[in-house]
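Here is how the chains run, residue by residue.
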Amino acid sequence: MSKSHYSSIVVLTGAGISAESGIKTFRDQGGLWESHRLEDVATPEAFQRDSALVQRFYNERRAQLPLVEPNDGHLALARLEKAVPGTLVITQNVDDLHERAGSHHLIHMHGELSKARCVKSGQLFRVKEPLSEHSLCTCCVPANLLRPHIVWFGEMPLGLDRIFHALAQCDLFIAIGTSGQVYPAAGFVDEAASQGAYCIEINADNSHISDRFDEHRRGPASIEVPKLVKELCGH
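Cut-off values and rules
Residues numbered from 1 in each chain as written. Predicted model: local features only at pLDDT ≥ 70, side-chain atom pairs only at ≥ 80, totals over all residues. Heavy atoms only, no water. Pairing = 2+ DSSP bridges. Helix = DSSP H or I, 4+ residues; strand = E, 2+ residues; numbered from the N terminus. Axes fitted to C-alpha atoms, helices over the stretch in contact; angles between N-to-C directions. pLDDT = per-residue confidence, 0-100. Contact = heavy atoms within 4.5 Å. Salt bridge = Lys/Arg side-chain N within 4 Å of Asp/Glu carboxyl O. Buried < 20%, exposed > 50% of the residue type's maximum accessible area, 1.4 Å probe, protein only. Arc of directions from axis to C-beta. Polar contact = N/O pair within 3.5 Å; in protein donor to acceptor, adjacent residues only side chain to side chain.

In spatial order, the strands read β5-β4-β6; together these three strands make up an open sheet with antiparallel pairing. At either end of the open sheet lies a strand with only one pairing partner, and these are β5 (124-126) and β6 (146-150). Each strand of the sheet is rotated relative to its neighbour by a mean of 45 degrees, with strand direction disregarded. Pairing geometry for strand β4 (residues 111-118) and β6, over four bridges, is antiparallel. Following the sheet pairing, Cys 118 is matched in β6 by Leu 146.

Low pLDDT means the predicted coordinates in that region are not meant to be read closely. In the predicted model, the chain carries a mean pLDDT of 92, and 93% of its residues have values of at least 70. Low pLDDT, under 50, characterises residues 28-32; the stretch is placed with eight contacts to residues that sit more than four places away or in other chains.

Two side chains with opposite charge may pair up if their charged atoms get near one another. Per the stated rule, a full pass over the model turns up 10 salt bridges. Residue Lys 115 pairs with Glu 112 through a salt bridge whose shortest N-O separation is 3.2 Å. Like Lys 115, the residue Glu 112 is buried in the burial classification. Members of the salt-bridge network, linked through shared partners, are Glu 69, Asp 96 and Arg 100.

Every buried residue belonging to helix α7 (residues 160-169) is among Leu 160, Ile 163, Ala 166 and Leu 167, and all of these are buried. Summarising the axial view, the buried residues of α7 lie within an arc of 125 degrees, below the 170-degree limit, and thus occupy one face. Of the exposed residues in α7, the ones pointing more than 90 degrees away from its buried face are Asp 161 and His 165. Contact partners of the buried residues in α7: β1 (9-13), β2 (87-91), β3 (106-108), β7 (172-176) and α8 (188-194).

Attention now goes to the side chain of Ser 210. Position of Ser 210 among the secondary structure elements: in the loop between β8 (198-203) and β9 (215-218). By relative accessible area, which is 7% here, Ser 210 ends up buried. Polar side-chain contacts of Ser 210 include one of 2.7 Å to the side chain of Glu 201. At a separation of 2.7 Å, a polar atom in the side chain of Ser 210 contacts the main-chain amide nitrogen of Ser 207.

Summarising the element assignment, Asn 144 is placed in the loop between β5 and β6. Expressed as a C-alpha distance, the spacing of Asn 144 and Lys 120, which sit 24 residues apart in the sequence, is 6.8 Å. Setting aside anything within four residues of it in sequence, one finds Asn 144 in contact with Cys 118, Val 119, Lys 120, Ser 135, Leu 136 and Cys 137.

Shown next as structure tokens:
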């Protein structure tokens, strides 16, 4: 396998790759969300009902970011992008580890912890300090509330038009550390395969959609992703 075989690569990353860097994940036993009902912190209605609680919850998650570093899986994907410029990383993760590893062609389909947005205009702002129920935008007069730039339950994932266009064009699809339980991401392998792409799953265990892939690599992303990228790129 070499990079000459593939010119358009789409990579989907899920919680598994970030968990190896120490980010607390959504579905794992002992995960951060267990002490909060989803209805209290991850819906638009929750923000309307108790914005102070919601802001505190995401402040705590945001505070993790300086304490963790990209792992070898993140770094390998940045190398893949340099070797095969037609590489797009779609991540379900809301951390900034892909950016810090050096990935540039990136879609955060579930939003980003490091950003907030105006509830009215949608304009994005980088978060430099904790947000509160009194945090306001600078894009409107009068100013409106800032909310976490996170896709909550009941909201549409971001970048879907660009994502489905890329899936229709790609010749290699790689899913890394995903549960295969959350749609539309769980359906991306079907989209790619229907257009003739070769599909590889990298995961510690079988996922809900493992049977839809052409090839499976079992093990930690920090080990298996660099191996695959070395095969694809020759280094």
